[in-house]
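Notes for the structure review
The chain contents come next:
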Amino acid sequence: MCGLIGFTLQSSLDGIQTAKAMSAAITHRGPDNEGIWWDESEPVALGHRRLSILDLSPAGDQPMVSRCERYVVAFNGEIYNHLTLRSRLKAEQKVPSWRGHSDTETLLACFSAWGVEATLKASVGMFAIALWDKQEQVLTLARDRMGEKPLYWGWSNDVLMFGSELKALKAHPAFEAEVDRDALTLLLRHCYIPAPYSIYKGIQKLMPGHYVQIALGNGARNVEAAEPIAFWRVNDIVEQGLAGPFNGTPEDAINALEHQLSASISEQMLADVPLGAFLSGGIDSSSIVALMQAQSARPVRTFTIGFDQVGYNEATHAKAVAGHLGTEHTELYVRPHEAQAVIPKLPNIYCEPFSDSSQIPTFLVSQMARQQVAVALSGDGGDELFGGYNRYMAAGKVWGPVQRLPRFTRLAGARLLRSLSPATWDRLFDWARPVLPQRLRLSIPGEKARKLADVLALSDGHAFYRQLTSHWTDPASLVIGATEPQTLITSPTAWPDTDCLEHAMMAMDAQTYMADDILTKVDRAAMANSLETRVPMLDHRVVELAWRMPLNLKIREGQGKWLLRQVLYKHVPRELIERPKMGFGIPLDTWLRGPLREWAEALLDESRLRSEGYFHPAPIRTMWAEHLSGKKNWQYHLWSVLMFQAWLEAQDG
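Now for a description of the structure that goes with this document. Bear in mind that the values here come from a model prediction, so they are computed numbers and not experimental data.

About the criteria used
Residues numbered from 1 in each chain as written. Predicted model: local features only at pLDDT ≥ 70, side-chain atom pairs only at ≥ 80, totals over all residues. Heavy atoms only, no water. Helix = DSSP H or I, 4+ residues; strand = E, 2+ residues; numbered from the N terminus. Rg over C-alpha atoms; globule rule 2.2 N^0.38 Å. Buried < 20%, exposed > 50% of the residue type's maximum accessible area, 1.4 Å probe, protein only. Contact = heavy atoms within 4.5 Å. Pairing = 2+ DSSP bridges. Axes fitted to C-alpha atoms, helices over the stretch in contact; angles between N-to-C directions. Parallel < 35°, antiparallel > 145°, perpendicular 65-115°, else oblique. Left-handed = near helix turned anticlockwise from the far one by under 90°. Nonpolar A, V, L, I, M, F, W, Y, C, P; charged D, E, K, R; others polar. Expected span 1.5 Å × (residues − 1). Bend = angle between axes of the 7 residues up to and from the residue. Phe/Tyr/Trp six-rings, centres within 6.5 Å; stacked < 30°, edge-to-face > 60°. Disulfide = S-S within 2.5 Å. Salt bridge = Lys/Arg side-chain N within 4 Å of Asp/Glu carboxyl O.

**What to know about the overall build of the protein**
Looking only at helices and strands, the protein has 28 helices and 17 strands in total. Against the 2.2 N^0.38 benchmark of 26 Å for 653 residues, the protein shows a C-alpha radius of gyration of 25 Å, consistent with a compact globule. Based on the C-alpha atoms only, the size of the protein along its principal axes is roughly 85 × 60 × 50 Å. Taken over 653 residues, the protein has a buried fraction of 58%. Counting contacts in the protein only where the partners sit at least 6 residues apart, residues at least 24 apart contribute 73% of the total.

Below, the structure is given as C-alpha cells:
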C-alpha cells in the first residue's frame, strides 16, 4: 500500500520541486520511502510514497524502470498472484533477470511481455497504476476491478495531474480548486461523491475496472481524446454468472465458496511485515478471521473497538468469536470525547467531503491496529455479494406487493396518504390506539404514512432503489446554482440485466455504495494511519463465483448471506453469530444535540451559510431546529451538510 503522484511538465525546472510537494502531501500513505522520477527529455514526472510490505529492500523502491527501460511505473496496491505471474513468464521464456521479489517488478515484466490490458486482466489484486511508456510517449492510468485503490486525474490550467488523493493534486501550483456544485448535490443524496465525479471541477476519479491512455508526445494536451476503457465490468460478471449458474447442491456451493475464499485469503496473507484483521463479530469479518486462523499455525491478531453505549457496541460479540477461534485479540473501548476528537481531522483525512459517520470508528480501529501490524484484512463486501442489506429484503416485502398494484391505484393511495399531514396521522392513530390490533399500533405513524406514500408514487424498482439509497431527495433545490448530474444509478443503460430486483440492487451497490463509500472510507482511514487494508471478498474470483449463485442461496426466509453463514458455521457456533444486524456506527443523533451542538451550530449559522453562497439556508435551519427539538432525527442529512462545511472551512484555513 502506497501513494502515487504525477503530472505533465511545463518546464524541466519545476519538476523536482513540484513532485516533492505533491509527494509530501501524501506522506502518510508511504512513510518508508519517497521516490521521484523525471527526465528533462520526457513530458511527464512520476512520484511515489512507499509503505514497505513486500520486498523491504531498495529493490522494491518506486518509481521503477523496467529492465528493457521502456516503461516507468508508480504503483499503489498489491498483486497477490505475482509469484504465479512470474512462473507464467518463465514458462513463456520471457523471464527477466530479477532484481528482487516485489510485485512492482513483476508488473513491469508483465507490461513488457504482454502489454497493458493483458497484464491488467491477468493480475489478481488491488491497484492504482501510473505507467509511462517512453517509446510510445503514452501515459496509462489504471484502477483495480472493484475500486479498492483510489486514483484521481484531470487537467488544470493545461497541466495533466493525477494522484492517490486530491491533496496531492492541490499541492501542484497549477491546480485550480473550483468547487463543483453539481457534485455537491451527489454528496447530499448519497453521503459520498460517486465516481467519476470529484468535489473539484475538471478532476475526476478513474472508474473501477478501467484504464485510460493519454498520448503526450509532441506536446499533446487533448484530454477529450482520453476516454477510459473497461478491462473488467461488474455488469458483465453479473450477467455471465446468472446466465451460467452454479450447477451443484447447496452443500457443493458451500464447499466451493469456502475453497475460493480460503485461497484468496491465503494469497492476501502474504507479507514481509506483521499482519492481522479487523473483527467486529459479525458474519463478514468473522468469516475472514475464521478462514485465516484455519490456515495459520500462530494465533491471528484481531482488533475491535467498542462503545459503552447500548446499541453501538459489537466488542462483546467480537471477543466471543475471538475466544472461540483462539486469536490474539485486542479491543479498545472508546469514550465519546475520544471519538469526537477525530472530527476535526476528517476534512484532511478524506480531502473531499465525505459523510459516512462510521468514518470515525473506522479511523480509530485502524489507529489501534497500526500499533501492532502494518497490514489488516477486512470483511467488507459480504453484504453486496451475498445479499446482506435490509434493502434487499425490502425489495421482496415492500416493493413486490406494491408493484403488483395498478399504477392508478398506487397514485390514488399516495394522494390519500398525503392528504393529511404526518402530525394529523399521529393524532388519528393515538385516538384509535385502544381499538387497533397490536400490529397496527405503530410508532411515528405519520412518518410511516409519508414514506409509504412516497413508495406508492414510484415508477419502478430502479426508483425504489434510488429512494432507499438517498438522504436528501431533492439536493439540487438545496445547492445554489446546481444541477444534479447523472450517475450509474440514474442511467438506465448502466443497470445490468438480472433475474430479480434484489440482484439488480446488489449489483448497483457493488458499483456505487461499496466502491465510493465503503472502500473510500476504509482506504482513507487506514492510510491516514499508514496501515494497509486488504479485502479478500473482493478478489474478483470470489465476486465471479458469488454471481453464479442463485438468489435462494443468498437470501432465505427473510435473512441474507445464507451461503456465507453456512461457511462460517463450520468454524464458529451459530449462537455466537445469530443476532440482529448492527451497523458500525456512533450515536450521532444524540451527539449533535449534546457535545457537538455548539460546533454544528457554528457551521450551520444562517448568516454564514448565506455569505458562503453554497446552500439555501432555510431548509437546513428548519431541519436543524427539528433535530434539536427531538421532533425528527435528521442526523444523516445534517452530517452531509456539516462535513461539507467543515471541509470548506479547512480549505480556507
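Past the structure itself, the notes keep going.
**Side note on the sheet that holds strand β12 (residues 229-230)**
Spatial ordering of the open sheet is given by β4-β5-β6-β7-β11-β12, a layout of 6 strands whose pairing is antiparallel. The outermost strands of the open sheet, each flanked by one partner alone, are β4 (64-65) and β12. Of the pairings in the sheet, the one linking β4 to strand β5 (residues 71-79) comprises 2 bridges and is antiparallel in character. Residue pairing across strands places M64 opposite V73, the latter belonging to β5.

**Here's the deal with the packing of helix α15 (residues 390-403) against helix α19 (residues 461-468)**
α19 packs onto α15 with a crossing angle of 130 degrees between their chain directions and a minimal axis gap of 11 Å. Taken together, the axis directions place α15 and α19 in an arrangement best described as oblique. Regarding α15 and α19, the two cross each other, and that crossing is right-handed. Here α15 contributes R391, A394, A395, V398 and W399 to the contact with α19, which in turn contributes G461, F464, Y465 and L468. When grouped by side-chain class, the residues that make up the contact of α15 with α19 number 7 nonpolar, 1 polar and 1 charged.

**Describing helix α20 (residues 501-511)**
For an α-helix, the turn length of 3.6 residues means that residues three or four places apart are oriented alike. The buried fraction of α20 amounts to 11 of the 11 residues, a majority that puts the element mostly inside the structure. Buried within α20 are the following residues: L501, E502, H503, A504, M505, M506, A507, M508, D509, A510 and Q511. Contacts made by the buried residues of α20 are with α7 (234-243), α14 (382-386), α15, α19 and α21 (513-527).

**Focus: unusual backbone geometry**
Backbone torsion omega between Q62 and P63 reads -10 degrees, so that peptide bond is classified as cis. Relative to the helices and strands, P63 is located in the loop between β3 (44-50) and β4. Looking along the chain, the bond that leaves A195 and enters P196 is cis, with omega of 10 degrees. Inspection of the secondary structure puts P196 in the loop between α6 (181-190) and β10 (203-205). The backbone of E69 shows a phi angle near 65 degrees, a positive value even though the residue is not glycine. Tracing the backbone through its elements, the reader meets E69 in the loop between β4 and β5. A positive phi angle is found at S530, which is not glycine, with a value near 55 degrees. Tracing the sequence through the fold places S530 in the loop between α21 and β17 (532-534).

**Some remarks on α15**
Over its 14 residues, α15 runs 19 Å from end to end, which matches the ideal 20 Å to within 8%, given 1.5 Å per residue. At G396, α15 shows its largest bend, some 30 degrees. The complete set of buried residues in α15 reads R391, Y392, M393, A394, A395, W399, G400 and V402.

**Overview of the sheet that holds strand β14 (residues 301-306)**
Strand pairing in a sheet relies on backbone hydrogen bonds, with the paired strands running either antiparallel or parallel. With respect to topology, 5 strands assemble into an open sheet ordered β15-β14-β13-β16-β17, the strand pairing being parallel. Edge positions in the sheet fall to β15 (328-333) and β17, since each of these pairs with one other strand and no more. Strand-to-strand twist across the sheet, computed as the mean angle between neighbouring axes with direction ignored, equals 30 degrees. As defined by bridge partners, strand β16 (residues 375-377) adjoins β17 across 3 bridges and the pair is classed as parallel. Pairing of A376 across the sheet is with T533, part of β17. Against the sheet, helix α13 (residues 359-370) touches β13 (275-278), β14 and β15, its axis set at about 140 degrees to β14.

**Details of the environment of L538**
By the element assignment, L538 lies in the loop between β17 and α22 (540-546). Of the residues examined, L538 reaches a relative accessible area of 4% and is grouped as buried. The spacing of L538 and E557 is 19 residues in sequence and 26 Å in space, taken between C-alpha atoms. Each residue touching L538, except ones within four places of it in the same chain, is listed here: M146, E148, D380, G381, M514, L519 and V543.

**A look at the packing of aromatic side chains**
As enumerated under the stated definition, the model contains 12 aromatic pairs in all. With a centroid separation of 5.1 Å and an interplanar angle of 85 degrees, the aromatic rings of F175 and Y200 are classed as edge-to-face. Of this pair, F175 sits in the loop between α5 (166-170) and α6 while Y200 is found in the loop between α6 and β10, placing the two residues 25 residues apart along the sequence. Using a relative accessible area of 12% as the deciding quantity, one classes F175 as buried.

**Structural notes on the state of the cysteines**
Considering all chains together, one arrives at 0 disulfides under this definition. Unpaired in this structure, C68 has its nearest cysteine sulfur neighbour in C110, at a distance of 12 Å. For C68, a relative accessible area of 47% corresponds to the partly exposed category. Looking at the unpaired C351, the closest cysteine sulfur is the one in C191, lying at 16 Å.

**Looking at the pattern of salt bridges**
Opposite charge on two side chains allows them to pair when their charged atoms are near. Under the counting rule described, the total for this entry stands at 33 salt bridges. Sharing partners across several salt bridges, the network here consists of R29, K149, E165, K167, D523 and R524.

**Structural notes on the pairing of strand β6 (residues 125-133)**
Within β6, 9 of the 9 residues are buried, leaving the element largely enclosed by the surrounding structure. Neither face of β6 is open: one carries G125, F127, I129, L131 and D133, the other M126, A128, A130 and W132, and all of them are buried. Sheet topology places β5 next to β6; 9 bridges connect them, and they run antiparallel. Across the sheet, the residue bridging to E78 is M126, located in β6. Pairing geometry for β6 and strand β7 (residues 138-143), over 6 bridges, is antiparallel. Pairing of A128 across the sheet is with R143, part of β7.

**With respect to the environment of K561**
By secondary structure assignment, the location of K561 is in the loop between α22 and α23 (562-568). Sequence separation between K561 and Y389 is 172 residues; the distance between their C-alpha atoms is 9.1 Å.

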